[in-house]
Amino acid sequence: MVFSKFALLRPVLNGFKASNKCLTSAAAQLEPNREPDILYNKIFINNEWVDSVSGKTFPTVNPSTGEVICQVAEGDKADVDKAVAAATDAFKIGSPWRRMDAADRGLLLYRLADLIERDKSYLASLETLDNGKPYQVAMATDLNLVIKCYRYYAGWADKYHGKLLPISGDFHSYTRHEPVGVCGQIIPWNFPLLMQAWKLGPALAMGNTVVMKPAEQTPLTANYVAQLAAEAGFPPGVLNIVPGYGPTAGAAIASHMGVDKVAFTGSTEIGQKIPVMAAQSNLKRVTLELGGKSPNIILSDADLSEAVEHSHFALFFNQGQCCCAGSRTFVEEKIYDEFVERSAERARKRTVGDPFDKSNEQGPQIDQEQYDKVMSLIKSGKDDGATLIAGGNRIGDKGYFIEPTVFSNVEDNMRIAKEEIFGPVMQIIKFKTMNELIDRAHDTIYGLAASVFTNDIDKANYLAHHLRAGTVWVNCFDVFDAAAPFGGYKMSGNGRELGEYGLQAYTEVKTVTVKVPQKDS
């Protein structure tokens, strides 16, 4: 059997060219605003904007220029305490939020999605300014997935419920799905709007209240969505946003005695610390979505043109700043040299520059720290003996732009083959046999994702079933949908986000058993 060719996210794979038919909708063609107004740069508590208790602020920087966009209120423990108090009050028995029908919670989420859609171009412009991702990518991918995510969970609000239990004896027994309570959520900088939606959607659909810390690099769109939530009608205290740094605001959330559950997306290094803080405080629930070093496997029978293009996308999408990036490209020996040549050629054609310019596929790295890390790992690849066949240099003299970089002759023990680079650096690794391949694919602390390119259904199924990863894509990559759960094995985290599975982390299951005079079938 031969697999059909996947047309997955074709606008992304073709560089999001404006001429592409998939981007001809009116919304997608809206021109970006290079200087969007910064409307909200404070802390959001009880549907109000307030300064930090300390009065401190921190800069958020445009990664395309390295220049400060604005100052943002810097939250810390005192501000988290205020936000948790507001969320606790909103969650009290008899509050408007607790009394609200589940269907009405869904209605509020639908309204929020509609408001995001209304302001889609502004949000995409703000995301591009603060994050550096190309505007057309923010519009065509991020914002579309954000809107779909909120609408998906809006539909679940009144459909995820308990069951009647046929227990023995004269008893009426059933389960209730109840909200966990106050949920702390800490989101990353690579997909600010989307990661916010992945966490807020299920939490709010199930009736929880939230204290969220956006990444200090990208707080602006998270704040704007908070204002839209108030406009949609969410009661005060249901959603609270505290911008700030991880060691202060983030740690305060993870260790807070008033927070019932914490969700974190970010590095494995920090992810190891979150459960410790949770355990040493009130043993709060923890879900983690962490790093990855995902194997992208190209078998010799694959359509080579498709495999090259998908593999390019798998690594370079979002400037390589994806936790699930296909960052270990394993290519069967028979086609290795041709794949390397074509991949280098494709990387050299990738357009890099001003993310507001529609002709560019790639913007800057997020900040100086990430830029320095990527350049250091590029140097290590050269020092360790890998062959640099494309890129490897800085672009321009301002901002954090890096050439699309490709290494061949990469060995498993090299740093670039083991460490999460989180940048536009492709490692192409040769393999000979399937048995050898699986062992090498598993030679990592991570298990977030994997992919296989082949026209052999038996090989595809064999690898999909044996690879230890939370997601395995076959003849495609980065296929995301609000209905499909996402999360990792091993040190890529625990728990799942998205889909019906994503609701489990935001509910408690209560069993109620009532003595009755007589039970009949």
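Each value, and the rule that gives it
- Residues numbered from 1 in each chain as written.
- Predicted model: local features only at pLDDT ≥ 70, side-chain atom pairs only at ≥ 80, totals over all residues.
- Heavy atoms only, no water.
- Pairing = 2+ DSSP bridges.
- Helix = DSSP H or I, 4+ residues; strand = E, 2+ residues; numbered from the N terminus.
- Axes fitted to C-alpha atoms, helices over the stretch in contact; angles between N-to-C directions.
- Buried < 20%, exposed > 50% of the residue type's maximum accessible area, 1.4 Å probe, protein only.
- Disulfide = S-S within 2.5 Å.
- Contact = heavy atoms within 4.5 Å.
- Phe/Tyr/Trp six-rings, centres within 6.5 Å; stacked < 30°, edge-to-face > 60°.
- Lys NZ or Arg CZ within 6 Å of the ring centre and 35° of its normal.
- pLDDT = per-residue confidence, 0-100.
- Expected span 1.5 Å × (residues − 1).

*Asks:* What is the right way to look at the sheet that holds strand β20 (residues 449-453) in this model?
*Replies:* Sheet strands line up and pair through hydrogen bonds in the backbone, either parallel or antiparallel. If you trace the seven strands from one edge of the open sheet to the other, you get β14-β17-β18-β13-β12-β20-β21, paired in mixed fashion. Whereas interior strands pair on both sides, the edge strands pair on one side only; in this sheet they are β14 (387-390) and β21 (471-474). Looking at each pair of strands side by side, their axes are set apart by 25° on average, direction ignored. Both strand β13 (residues 328-332) and strand β18 (residues 425-431) contribute to a ladder of four bridges, which runs parallel. Bridging across to β18, Thr329 finds its partner in Ile428.

*Asks:* So what exactly am I meant to see when it comes to unusual backbone geometry here?
*Replies:* For residues besides glycine, phi is generally negative; the peptide bonds are generally trans as well. One non-glycine residue, Asn47, lies in positive phi territory at about 60°. With relative accessibility at 23%, the residue Asn47 sits in the partly exposed group. At Asn475, a residue that is not glycine, the phi angle is positive and equals roughly 55°. On the secondary structure map, Asn475 appears in the loop between β21 and β22 (489-490).

*Asks:* Would you take a moment to explain the state of the cysteines for this structure?
*Replies:* Here a disulfide denotes one covalent bond, and it connects the sulfur atoms of two cysteines. Per the counting criterion, the structure on display carries zero disulfides. Looking at Cys183, it has no disulfide partner, and the nearest cysteine sulfur is the one in Cys149, 15 Å off. On the basis of relative accessible area, Cys183 is assigned to the buried category, the value being 0%. Counting only cysteine sulfurs, Cys324 is the nearest neighbor of Cys323, a cysteine outside any disulfide, at a range of 4.8 Å. With a relative accessible area of 14%, Cys323 lands in the buried category.

*Asks:* What exactly am I supposed to notice about the environment of Gly75 here?
*Replies:* Secondary-structure assignment places Gly75 in the loop between β4 (67-73) and α2 (77-90). For the pair Gly75 and Asp51, spaced 24 residues apart in the sequence, the C-alpha separation amounts to 8.5 Å. What Gly75 contacts, discounting residues up to four positions off in sequence, is Ile43, Ser52, Val242, Pro243, Gly244, Tyr245, Thr248 and Ala249.

*Asks:* I tried to follow the packing of aromatic side chains on my own but got confused; where do I start?
*Replies:* The description of an aromatic ring pair uses the distance of the two centres, along with the angle that the planes make with each other. Evaluated as defined, the whole model comprises 16 aromatic pairs. Taken together, a centroid distance of 5.9 Å and an interplanar angle of 50° make the contact between Trp198 and Phe480 tilted. Separated by 282 residues along the polypeptide, Trp198 in helix α7 (residues 192-205) and Phe480 in the loop between β21 and β22 bring together distant segments of the chain. The class of Phe480 is partly exposed, set by a relative accessible area of 24%. Taken together, Tyr40, Phe44, Trp49, Tyr122 and Tyr224 form an aromatic cluster joined through their ring pairs. We note Arg98 situated over the ring of Phe91; from NZ or CZ to the ring centre the distance is 4.1 Å.

*Asks:* Help me out: how do you make sense of the confidence of the model for the protein in this one?
*Replies:* The predicted coordinates ought not to be read in detail in places where the model reports low pLDDT. Here the protein averages 94 in pLDDT, and 94% of its residues register 70 or above. Looking across the protein, the model is least confident in helix α1 (residues 10-13), with a mean pLDDT of 38, and most confident in strand β8 (residues 209-213), with 99.

*Asks:* Explanation requested: helix α4 (residues 102-118) in the structure shown.
*Replies:* In an α-helix there are 3.6 residues to a turn, and that puts residues three or four apart on one side. With 17 residues, α4 should cover 24 Å at 1.5 Å per step; its first-to-last C-alpha distance of 25 Å lies within 8% of that length. Listed as buried for α4 are Arg105, Gly106, Leu108, Leu109, Leu112, Ala113, Leu115 and Ile116. Against the buried residues of α4 lie α3 (96-99), α5 (120-131), α6 (135-156), α7 and α8 (220-232).

*Asks:* Looking at this structure, how should I read the pairing of strand β11 (residues 285-289)?
*Replies:* On any regular strand, side chains alternate: one points to one face of the sheet, the next to the other face. Taken together, the five bridges between strand β10 (residues 261-265) and β11 define a ladder with parallel strand orientation. Of the residues in β11, the one forming a bridge with Thr265 is Glu289. In this structure, β11 lies alongside strand β23 (residues 493-494), joined through two bridges in antiparallel fashion. Residue Glu289 lies in a different strand from β23, and its bridge partner there is Gly493.

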